[in-house]
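Descriptive analysis of the structure
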Amino acid sequence: MLRCRSSMRRLVGVGVAAMGLSLAMACSVLAEIVARPLEEKPRIQSSAPPWSTEAKPRPLVLVQGEAEGMILAVRTSDPELALLFSQEFGQGLRLRVYEVRTLNLPGTGGFGDPLVPAAPGAKVRASSGLIHLYVKIEASRGAAPARGEVALRLRGAKEEKEFRVPYEVLPFVLDPAAIPFVQATIRPLFDTYPRKVAAEERQQIFKNMTALLVRDYAVRSFAGLGGSGKTDLTLDKGRDTFARYLEMVRFCLDDLGVEKMRIPAGQFFTKRKSLADVYRPVSEEAIMASLAQHRKNMQAIAENPRWKGKLSMRLWDEPKPSQYPEVVLLYKAARKVFPEFSLELTEQPDDALLDIADVYIVNPRWFDEKQVSRAQRKGSQVWIYCNKASGIDEPLKGMRIIGWLIWRYRLDGYLFFSMNYWDEDPWKQSSRMYRGTFLYPEHQGQNVYPSLRLEMFREGMEDAAILKQVESLAEKSRDTATQKMLEDFRRTYVMKEKHGGSQDPVGPREALMKRIGEASGTW
């Protein structure tokens, strides 16, 4: 047996570069729960490399209001195992278990990403003698600070094995308001969706997606959800489509309580050479007339008093510098027609674009810290989006690093350009390496499943909130030791298009948790 490196004890994926979650390990005749050498990509191999064991893994350390997880890699000779555990334990603590499904994409060796929830008593099947589980402990904001273990039993045909997951809850309450703002785009269901579904069923699938993202992943804004700019401008031909979209807006804002909805405005922005391809002639009058018609068509949404201040629009996507004058013209016209709307622009807040948008959404390759800081000082928010860093073929730690980058540069939020880019059956293939797929559809039902990458993103967002709170407390109490630690963290992470090669947050995260434990009662 090989000894497990200390850097491998907290992992966020199997077969990935070390991520930050403890791999749980134990041995029995029936099954082994083990760790194994980590790779740069989240592959789950069909054959197991040399196994390592550890007498007792480090505990999952978390604060009140947070969740942390670990991967269990189980080797067994049984074709399937039953999972026996209690979901509720302790004061304000909950155990959630997922089966990590493998995507056997051609030429990849297999990727572990989809997470299928497993209820107590559920049976999971082995593949080539392996089962992978993602085990997550959630601590409510009212959870009692404590150390302990929670049991997970694996029962096969001959015998069963108990594994005990150690944990520690620190006396520190995560403030949900400190979690960075997250907007998620829900795309239409293509005909290539695993099966054809009627409009009413699509509506329910949309509702299941949004409810999951709000409940478990702190998403606070949505875009898409079946809204179409062209349909909205021709309601005489698309009343049913608009009615379904209106119901989704109502469901998200009223039932789920999200903070913002980005309504469709696709007919106004373009990636063409000029607005002359849309408006002839290009004039403020022509643009405002088109915007006014759009507002009239969207009147049921735009003028609903319950939703005042909760609506936004994005009128242009990634304009080129040569298009900036037209972008300014379009956004200034929109400000007059939709004064109560938040205006978003996916572009760096360049000198020529300053003050025209409420939110600038920046790609890391264009990121300019000075321009970003200036826009924030003028009252605008700045988000980022990291499409190229979020593919399933990228190091998994990159999804958690996003939260550390948002904290490091004092940014306001993050944009997912897509959560469900199901232009192909995501269980079988994807030409985009899943950069826009973080949810997986149930083949014969209406449920959707999360993913390891989405879990790592959530953990990074929670890290960002904790870092922000600790920074504020250290400043108020003049805790110079903690301030120095945080400054060291800041020098570690630098904005880049692909940040998977950056330092894994596992070390800084452990140092942060240790400092919170030491400072309890002194801040």
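What you see is a predicted model; the values in this text were computed from it and never measured. (Residues numbered from 1 in each chain as written. Predicted model: local features only at pLDDT ≥ 70, side-chain atom pairs only at ≥ 80, totals over all residues. Heavy atoms only, no water.)

Per the secondary structure count, the protein chain includes 11 helices and 21 strands. Across the 523 residues that make up the protein chain, the buried fraction comes to 57%. Counting only contacts in the protein chain whose residues sit at least 6 apart along the sequence, the fraction spanning at least 24 positions is 70%. (Helix = DSSP H or I, 4+ residues; strand = E, 2+ residues; numbered from the N terminus. Buried < 20%, exposed > 50% of the residue type's maximum accessible area, 1.4 Å probe, protein only. Contact = heavy atoms within 4.5 Å.)

Another aspect to go through is empty space enclosed by the protein. Enumeration according to the criterion identifies one cavity of 30 Å³ or more in this entry. Approximately 30 Å³ is the volume found for the largest cavity. Contributing to the lining of the largest cavity are C386, N387, S390, Y414, L415, F416, F417, S418, R435 and F438. The residue inventory of the lining of the largest cavity, partitioned by class, reads six nonpolar, three polar and one charged. (1 Å grid on protein atoms, 1.4 Å probe; cavity = no way out; pocket = protein on both sides within 12 Å on 5 of 7 lines; lining within 4 Å. Points joined across faces, edges and corners; volume = space filled by probe spheres on them. Nonpolar A, V, L, I, M, F, W, Y, C, P; charged D, E, K, R; others polar.)

What follows concerns the packing of aromatic side chains. Inspection of every chain in the model, using the stated rule, returns 15 aromatic pairs. Seen from their ring centres, Y414 and F457 are 5.2 Å apart, and the 50 degrees between their planes marks the pair as tilted. Of the two residues, Y414 sits in strand β19 (residues 413-416) while F457 sits in helix α9 (residues 452-476), which places them 43 residues apart along the sequence. In terms of burial, Y414 and F457 fall into one category: buried. Ring geometry for W427 against Y449: centres 6.3 Å apart, planes inclined by 80 degrees, an arrangement best described as edge-to-face. Here W427, found in the loop between β19 and β20 (440-441), pairs with Y449, found in strand β21 (residues 448-449); they are 22 residues apart in sequence, far enough to count as distant. In this structure an aromatic cluster arises from ring pairing among W404, W407, F489 and Y493. We note R408 situated over the ring of Y409; from NZ or CZ to the ring centre the distance is 4.0 Å. (Phe/Tyr/Trp six-rings, centres within 6.5 Å; stacked < 30°, edge-to-face > 60°. Lys NZ or Arg CZ within 6 Å of the ring centre and 35° of its normal.)

What the second largest pocket holds in volume is close to 590 Å³. Contributing to the lining of the second largest pocket are 26 residues, with G65, R215, D216, A218 and E462 lying nearest its centre. Taken together, the elements giving at least two residues each to the lining of the second largest pocket come down to β6 (93-103), β9 (130-139), α1 (199-217) and α9. Tallying contributions element by element places α1 first for the lining of the second largest pocket, with four residues. Partitioned by chemical class, the residues of the lining of the second largest pocket number 11 nonpolar, three polar and 12 charged.

Quick look at the nonpolar core now. Among the nonpolar cores identified, the biggest contains 109 residues, and L213 and F222 are the most heavily contacted of them. With 10 residues, the single largest contributor to this core is α9. Grouped together as the second largest cluster of nonpolar side chains are 27 residues, L83, F89, L95 and V169 included. (Core = buried A, V, L, I, M, F, W, Y, C linked by side-chain atoms within 4.5 Å.)

Across the sheet, which stays open at both edges, the five strands sit in the order β2-β11-β10-β4-β8 with mixed pairing between neighbours. At either end of the open sheet lies a strand with only one pairing partner, and these are β2 (60-64) and β8 (123-125). Averaged over all adjacent pairs, the angle separating strand axes in this sheet is 35 degrees, with direction ignored. The sheet contact formed by strand β10 (residues 146-155) and strand β11 (residues 160-173) spans 10 bridges and is antiparallel. Note on β11: the bridge partner recorded for V150 is V165. (Pairing = 2+ DSSP bridges. Axes fitted to C-alpha atoms, helices over the stretch in contact; angles between N-to-C directions.)

Right, let's get into the environment of P79. Positionally, P79 belongs in the loop between β3 (67-76) and β4 (80-84). A C-alpha to C-alpha distance of 8.0 Å links P79 and S127, two positions 48 residues apart in sequence. When residues no more than four places from it in sequence are discounted, the contact partners of P79 are V124, R125 and A126.

Moving on, we come to helix α8 (residues 397-408). Taking 1.5 Å of rise per residue, 12 residues should cover 16 Å, and α8 covers 16 Å from first to last C-alpha, within 8% of that figure. Of all 12 residues making up α8, 12 are buried, and the element is well covered by its neighbours. Those residues of α8 that fall on the buried side of the exposure criterion are K397, G398, M399, R400, I401, I402, G403, W404, L405, I406, W407 and R408. One or two residues past the end of α8 sits R410, with phi positive at roughly 55 degrees. (Expected span 1.5 Å × (residues − 1).)

Once that is clear, we can look at the packing of helix α4 (residues 284-297) against helix α6 (residues 324-337). Where α4 meets α6, the axes come as close as 9 Å, and the angle between the chain directions of the two elements is 45 degrees. Put simply, α4 runs oblique to α6. Here the hand of the crossing between α4 and α6 comes out right-handed. From α4, E284, I287, M288, L291, A292 and R295 reach across to α6, where they touch L329, L330, A333, A334, K336 and V337. (Parallel < 35°, antiparallel > 145°, perpendicular 65-115°, else oblique. Left-handed = near helix turned anticlockwise from the far one by under 90°.)

So, on to the confidence of the model for the protein chain. Across the protein chain, the average pLDDT comes to 83, with 82% of residues at or above 70. Predicted confidence is poor over residues 1-31, with pLDDT under 50, and the contacts of this stretch with residues over four places away or in other chains come to 144 contacts. Scored below 50 in pLDDT, residues 229-236 makes 16 contacts in the model with residues more than four places away or belonging to other chains. (pLDDT = per-residue confidence, 0-100.)

Two faces belong to every sheet, and in a regular strand the side chains alternate between them. Where β4 lies against β10, three bridges are found, and the strand directions are antiparallel. Considered in β10, the bridge of A82 is made with R155. Taken together, β10 and the strand that follows it, β11, pair antiparallel across an intervening segment of four residues.

Let us look at the sheet that holds strand β13 (residues 221-224). In space, the eight strands of this closed barrel follow the order β12-β13-β14-β15-β16-β17-β18-β19, with parallel pairing throughout. Geometrically, the sheet is characterised by an average inter-axis angle of 25 degrees between neighbouring strands, direction not taken into account. Where strand β12 (residues 181-186) lies against β19, four bridges are found, and the strand directions are parallel. In the strand pairing of β19, A184 is matched with F416. Where α6 meets the sheet, its contacts fall on β15 (311-317) and β16 (342-346), and the angle it forms with β15 comes to roughly 160 degrees.

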